[in-house]
Amino acid sequence: SKPTQTKEEALNQEPQGHHPLSVFRYGEVLGKKLEDQGFDKTYIILGQFLILRKDDDLIIDWLEDTRGSNSKQALLCYSCLKEWCNAFLSK
């Protein structure tokens, strides 16, 4: 039988579009906080990821320091966006 695909794996096989933040497995509280700050879709987080030049330290610090993510959430978000960019954007 075929293994179950994670939300992140499924996201990385298609254009960003208007996916909700739940693909990053943020908890309800953090997801709501990000939405309240205007980061309610994955493409908006992707935009910030690109503005910060796909730099892991900058992205993770931004998510932790200004958006309230814990280190696990920040790393998961960074990894997902990096994989998507590697798959869909030219290097």
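Everything numeric here is computed off the predicted structure, so don't read it as measured data.

Thresholds applied
- All residue numbers here refer to positions counted from 1 along the written sequence of the relevant chain.
- At least 70 in pLDDT is required for a residue's local features to be given in this predicted model, at least 80 for side-chain atom pairs to be given and counted, and no such filter applies to totals for whole chains, interfaces and linings, which use all residues.
- Water and hydrogen atoms play no part in the side-chain values, which are based on all heavy atoms of the structure.
- In this analysis, axes come from line fits to C-alpha atoms, helices being fitted only over the stretch in contact, and the angle between any two N-to-C directions falls in the range 0 to 180 degrees.
- The way it works is that DSSP assigns letters per residue, a run of H or I at least four long becomes a helix, a run of E at least two long becomes a strand, and they are numbered from the N terminus.
- Should an angle fall under 35 degrees it is taken as roughly parallel, and over 145 as roughly antiparallel, whereas 65 to 115 is taken as roughly perpendicular and any remaining angle as oblique.
- Left-handed is the label given to a crossing in which the near helix is rotated counterclockwise from the far helix by less than a right angle, and right-handed is the label when the rotation is clockwise.
- The contact rule is simple, with two residues in contact once any of their heavy atoms fall within 4.5 Å.
- When a carboxyl oxygen of Asp or Glu lies within 4 Å of a side-chain nitrogen of Lys or Arg, that pair is called a salt bridge.
- Each residue is assigned to one of three classes by its accessible area relative to the maximum for its type, calculated with a 1.4 Å probe on protein chains only: buried under 20%, partly exposed between the two thresholds, exposed over 50%.

A. Expanded view of the packing of helix 4 (residues 56–66) against helix 5 (residues 71–88). At their nearest, the axes of helix 4 and helix 5 sit 9 Å apart, and the two run at 135° to each other. As the angle between them shows, helix 4 and helix 5 are arranged oblique. Two packed elements cross with a definite hand, and for helix 4 against helix 5 that hand is right-handed. Counting all contacts with helix 4, which are made through D56, I59, I60, L63 and E64, the residues of helix 5 involved are S71, A74, L75, C77 and Y78.

B. Structural view of the pattern of salt bridges. In this structure the tally under the stated criterion is one salt bridge. The salt bridge partner of K32 is D36, with a shortest N-O separation of 2.9 Å. With a gap of four residues between them, K32 and D36 both fall in helix 2 (residues 28–36), about one helical turn apart. By relative accessible area, which is 47% here, K32 ends up partly exposed.

C. Looking closely at the environment of I60. With respect to the secondary-structure elements, I60 resides in helix 4. Separated by 16 residues in sequence, I60 and L76 have C-alpha atoms that sit 9.4 Å apart.

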